[in-house]
Amino acid sequence: MSTRRMEPVELVEASGAGQATDEVDRARSVVGERLRRASGWVRRHRLTASAAAIAVAVALVVPGTLSVRAERARAEALAAIPEVLAPMDAAPRVAWQSAPARSDYVVGLPGRAWVRDGVLVLRYQDGADRLRGIDMRTGDELWTSDLAGAASGRAEPDARPVRGPRIAVDDGSSPHVLLRQEEDGLRGIDAPTGGTVWTAPRPTSDMSSTMLVVDGLLAVLVSGAVEVRDLRTGAVVWELAPEDLRGESLVTDGRHLIVLGPGFRRTVVAHDLHDGRLAWSVEPPVGIHSLAVVDHRLFGVSSSGIVAFEPR
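Predicted, not measured: the structure shown is a model, and the values here were computed from it.

Draft legend 1. Quick peek at the sheet that holds strand β19 (residues 297-302). With respect to topology, four strands assemble into an open sheet ordered β1-β20-β19-β18, the strand pairing being antiparallel. Unpaired on one side and paired on the other, β1 (93-97) and β18 (288-294) mark the two borders of the sheet. Geometrically, the sheet is characterised by an average inter-axis angle of 30° between neighbouring strands, direction not taken into account. Bridge count for β18 against β19 is six bridges, and the pairing is antiparallel. Bridge pairing in β19 links V294 to R297.

Below you can see the structure in the form of structure tokens.
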């Protein structure tokens, strides 16, 4: 029986496997070295890194803080203007409706209506210069009174609705631009130089208009159409066509333009000041022909009396 002899065999490691092992080790070494360098940099520059993180935090917080401060300052400025309605972000409700009286129309006239100690005070002409007090809680007439001097003929002339262009509200947001109504249209005048910055033709030849200057925008109501322009450039931002309006009322709470919309009772409609989007609307109990703001409160005038609105 023959015996086979086993030859020794040399085990050789494949070249590819060795290369892969080398690459893994090399990658681990590189990563480790980078981590050591990074941790060393952080130890050497800990104060700088902390300052950078704080700077990023401040950069994020400061604009928000400035925005809040600016909005607060703007709200305070608007609160100082009695003809600006208190913020009304939702449709108001009707608080009361007074009995009709000849003096109702003066609610919408400058310097003819005030709210004092819970009383709406109206100054009007009825053969003499008179005052009328209306309870702000109920709408009931509290009293009437002649003004001193009226009997001697020294009463002021009867106040009539103002005709011609009138700036009803100006919050001072664009002090460098003056407005001037001329035969060929409305002009924006640069206050420092007196030069014309822009011109805008009137929608019609009627000179009767109401203008509001709020947050750098000019809102103009002329003959049943509303145009909102950038006061600096005169460019039209948005507008309402005559078929979307009734009457010639235009008031604001600093965030919205409030007008009388279509409908038998002339719905009270609020549009966003900056883009014209519909914000809210409310239908009054009677047909209103004009709106007015007296000491930050909203009123409607109708042939059936004064309608007072209040926030919900």
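The discussion continues.
Draft legend 2. How the structure looks around the confidence of the model for the protein. Of all residues in the protein, 68% have pLDDT values of 70 or greater, and the mean over the chain is 76. No element of the protein has a lower mean pLDDT than helix α1 (residues 15-44), which averages 54, and none a higher one than strand β20 (residues 305-310), which averages 95.

Draft legend 3. Fine view of the nonpolar core. Ranked by size, the top nonpolar core spans 20 residues in total, and within it L212, V226, V228, L250 and L257 carry the most contacts. Looking at this core, the elements that each hand over two or more residues are β6 (165-170), β10 (209-214), β11 (217-222), β12 (225-230), β13 (236-240) and β15 (256-260). When near neighbours in sequence (up to four residues on either side) are disregarded, L250 contacts T210, L212, A219, V220, L221, V226, L257, I258 and V259.

Draft legend 4. Looking closely at the environment of S249. Secondary-structure assignment places S249 in the loop between β13 and β14 (251-252). Its relative accessible area of 6% is what places S249 among the buried residues. In this structure the C-alpha to C-alpha distance between S249 and G108, which are 141 residues apart in sequence, comes to 9.2 Å. Apart from the residues within four sequence positions on either side, S249 is in contact with L221, I258, V259, L260, H289, S290 and L291.

Draft legend 5. Main features of the side chain of S103. The topology assignment puts S103 in the loop between β1 and β2 (113-116). Here S103 falls in the buried class, since its relative accessible area comes to 2%. A polar contact of 2.9 Å, which involves the side chain of S103, links it to the side chain of R132. Among residues more than four places away in sequence, those in contact with S103 are L122, Y124 and R132.

Quick notes on the rules
Residues numbered from 1 in each chain as written. Predicted model: local features only at pLDDT ≥ 70, side-chain atom pairs only at ≥ 80, totals over all residues. Heavy atoms only, no water. Pairing = 2+ DSSP bridges. Helix = DSSP H or I, 4+ residues; strand = E, 2+ residues; numbered from the N terminus. Axes fitted to C-alpha atoms, helices over the stretch in contact; angles between N-to-C directions. pLDDT = per-residue confidence, 0-100. Core = buried A, V, L, I, M, F, W, Y, C linked by side-chain atoms within 4.5 Å. Buried < 20%, exposed > 50% of the residue type's maximum accessible area, 1.4 Å probe, protein only. Contact = heavy atoms within 4.5 Å. Polar contact = N/O pair within 3.5 Å; in protein donor to acceptor, adjacent residues only side chain to side chain.

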